[in-house]
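Listed below are the residues making up each chain.
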Amino acid sequence: MPDPPTAPTGPAAPSAPKALFSQAVTQGIPTLYAPRPGEITAGIFFRVGRADETLATSGITHLVEHLALHHLGLSDLHYNGTTSNTYTHFHVTGTQAEVVTYLNTVCAALRDLPLDRLETEKEILRTEAAGRGNGPDSQLPLWRYGAQGYGLSSYSQLGTWTLTPDQVRDWARTHFTRDNAVLWITSAEIPAGLDLTLPAGTRIPAPAASSTLPVTPAFIHGDDGHVVFDAVLRRSTAATVFAQVLSRALFRDLRQEGGYSYTAQADYSPRDADFATLTAYADALPKKQDAVVGGFVDAFARLRAGRVEQSELDAVRGKMLKMYDTPDLGAAMLPSDALNLLTGHPILSPEEHRAELAAVTVADLREVARAAWADGLLQVPGRVATGRAAHRPRGIRNPPSPAPGTSPWRTNGARW
């Protein structure tokens, strides 16, 4: 019989605001739960993703995810699995019995993967990748990080051609463990009947980031019709506010006033416990591309100079505070709180987050803007033919440096 849930004890137990959720350890897995009316939603995170792989084994985590869900293929459950750079997430919505069945089935499969399906699932993953296409920012990780770690998301999953059953089995055994997981459930109590037995292991920290950029800010050339910028920032409330302020500035300058773009926006996405990626994007017709690049950079220059109206900051702050009006806030916050616990990022109480939002000033936004630009990688329209030097983007003063297109390193032999 599986062990019943226990109260938090020892280092595996989370330390977080009790007002939003309750805590337990379920068969060795830290568990967060909070009630919500209606059907139950639950998920189990594992701290493993594409950034943990190598170029030769790329796709191994995604393969484990597919194999773990195979036995649920004909189920009527509303479920899914996700593999990101730093985590794998299995989640489900249904009755208590359905949620228990799903979680038990996933964990049973992780203990004993259906490796007779391996070649079939490899082909399915290749088909999935062929039909998905690449987004306008798909090459930025490659140029920022190279062919490793966080840069692997720019590459195809090469491991779907060569991985062996032993490699996949060992990856599941060492990475999909009870000590490398966090469970969350929108329920007033831990459901009875759970069997989440998984091997013991260790909590694996997110991989350290590599860099192929000798100097920043830098620029690269990409497809026509798209201007994209990214930067790595320390995670902070001020940085989340800045992303919203930048999004509003780009929308106002490039769409409402300039009429150059249909989409102009910015996004803040946590990368690991300490850092997040700021991404900004604007589209453009070919004849407007130079104007969009110029307007894009001008908006950044204005924010770097601290030219932000207090009313703009107050509007963004007010919008962010509205999240606390969400019904059943504790349940709604469970996925993000569980992910923070998994990666080791502090979980703020509503009072702590409100206080941090209230403390953000225009001067703070200026400092975030300067830090973002200093670390920035800008993708401008117009690919350059192989062997030709990159031309600096037109329409802006003091443009960034071109990212290097060659490396001093070389490979020897056939060793991966």
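All values derive from a computational prediction rather than experimental measurement.

Draft legend 1. Expanded view of the sheet that holds strand β11 (residues 377-381). Spatial strand order, β9-β10-β8-β11-β7-β12: six strands in an open sheet with mixed pairing. The open sheet has two edge strands with one neighbour each: β9 (264-270) and β12 (401-402). As paired elements, strand β8 (residues 226-234) and strand β10 (residues 275-283) share nine bridges and run antiparallel to each other. Bridge pairing links Arg 234 to Phe 275 in β10. Packing of helix α7 (residues 237-257) onto the sheet brings it into contact with β8, β9 and β10, and relative to β9 it is tilted by some 165°. Running at roughly 115° to β8, helix α13 (residues 362-374) makes contact with β8 and β10 of the sheet.

Draft legend 2. Main features of the packing of helix α8 (residues 289-304) against α13. Remark: α8 packs on α13, axes separated minimally by 8 Å, with the N-to-C direction vectors making an angle of 135°. The angle between α8 and α13 falls in the class oblique. Along the contact surface, α8 presents Val 297, Phe 300, Leu 303 and Arg 304, while α13 presents Arg 366, Ala 369, Arg 370, Ala 372 and Trp 373. The residue makeup of the contact of α8 with α13, split by class, is six nonpolar, no polar and three charged.

Draft legend 3. Expanded view of helix α11 (residues 334-343). α11 sits mainly inside the fold: seven of its 10 residues count as buried. Of all the positions in α11, only Leu 334, Asp 337, Ala 338, Asn 340, Leu 341, Leu 342 and Thr 343 are classed as buried. At its buried positions, α11 is contacted by β2 (29-33), β3 (40-46), β6 (181-185) and α10 (329-332). Two residues or fewer after α11 comes Gly 344, characterised by a positive phi angle close to 90°.

Draft legend 4. Spatial organisation of the sheet that holds β3. Read across the sheet, six strands follow the order β1-β2-β6-β3-β5-β4 without closing on themselves; strand pairing throughout is mixed. Only two strands of the sheet have a single partner each, and these edge strands are β1 (22-26) and β4 (78-83). Looking at each pair of strands side by side, their axes are set apart by 15° on average, direction ignored. Sheet topology places β2 next to β6; three bridges connect them, and they run parallel. Of the residues in β6, the one forming a bridge with Thr 31 is Leu 183. Contacts from α11 reach β2, β3 and β6 within the one sheet, and its direction differs from that of β6 by about 165°.

Draft legend 5. Representation of the nonpolar core within the structure. Judged by nonpolar contacts, the single largest core of 43 residues is most densely connected at Phe 229, Val 241, Phe 242, Leu 246, Leu 278 and Phe 296. Those elements giving two or more residues to this core turn out to be β8, α7, β9, β10, α8, α9 (310-321), α13 and β11. It is α7 that provides the largest number of residues to this core, a total of nine residues. The residues touching Phe 242, leaving out its near neighbours within four places in the chain, are Leu 278, Phe 300, Leu 303, Leu 365, Val 368 and Ala 369.

Draft legend 6. Up close: the packing of aromatic side chains. Here the structure, examined in full by the defined rule, presents nine aromatic pairs. When the centroid spacing of 5.6 Å and the interplanar angle of 45° are considered together, the rings of Tyr 79 and Tyr 102 count as tilted. In this pair, Tyr 79 is assigned in strand β4 and Tyr 102 in helix α2 (residues 96-111), connecting sequence segments 23 residues apart. Owing to a relative accessible area of 23%, Tyr 79 belongs among the partly exposed residues under this scheme. Measuring from centroid to centroid gives 4.6 Å for Phe 229 and Phe 300, while their planes differ by 50°, and the two rings are tilted. Here Phe 229, found in strand β8, pairs with Phe 300, found in helix α8; they are 71 residues apart in sequence, far enough to count as distant. Using a relative accessible area of 1% as the deciding quantity, one classes Phe 229 as buried. In this structure an aromatic cluster arises from ring pairing among Phe 229, Phe 242, Phe 300 and Trp 373. Between the NZ or CZ atom of Arg 271 and the centre of the ring of Tyr 150, over which it lies, the distance is 4.9 Å. A cation sits over an aromatic face here: Arg 354 above Tyr 324, 4.5 Å from the ring centre.

Draft legend 7. Region of the structure containing the pattern of salt bridges. A full pass over the atoms with the stated rule returns 15 salt bridges. Notably, a salt bridge pairs Arg 271 with Asp 272, separated by 3.1 Å at the nearest N-O pair. Residue classification places Arg 271 among the buried residues on the basis of a relative accessible area of 12%. Residue classification places Asp 272 among the buried residues on the basis of a relative accessible area of 9%. Several salt bridges share partner residues, and in doing so they unite Arg 248, Arg 252, Asp 253, Arg 302 and Glu 312 into one network.

Draft legend 8. The arrangement of the environment of Ala 299 in detail. The topology assignment puts Ala 299 in helix α8. The exposure class of Ala 299 is buried, given its relative accessible area of 0%. The spatial distance from the C-alpha of Ala 299 to the C-alpha of Ser 247 is 10.0 Å, given a sequence separation of 52 residues. Leave out the neighbours within four places in its chain, and Ala 299 touches Leu 250 and Asp 253.

Conventions adopted
Residues numbered from 1 in each chain as written. Predicted model: local features only at pLDDT ≥ 70, side-chain atom pairs only at ≥ 80, totals over all residues. Heavy atoms only, no water. Pairing = 2+ DSSP bridges. Helix = DSSP H or I, 4+ residues; strand = E, 2+ residues; numbered from the N terminus. Contact = heavy atoms within 4.5 Å. Axes fitted to C-alpha atoms, helices over the stretch in contact; angles between N-to-C directions. Parallel < 35°, antiparallel > 145°, perpendicular 65-115°, else oblique. Nonpolar A, V, L, I, M, F, W, Y, C, P; charged D, E, K, R; others polar. Buried < 20%, exposed > 50% of the residue type's maximum accessible area, 1.4 Å probe, protein only. Core = buried A, V, L, I, M, F, W, Y, C linked by side-chain atoms within 4.5 Å. Phe/Tyr/Trp six-rings, centres within 6.5 Å; stacked < 30°, edge-to-face > 60°. Lys NZ or Arg CZ within 6 Å of the ring centre and 35° of its normal. Salt bridge = Lys/Arg side-chain N within 4 Å of Asp/Glu carboxyl O.

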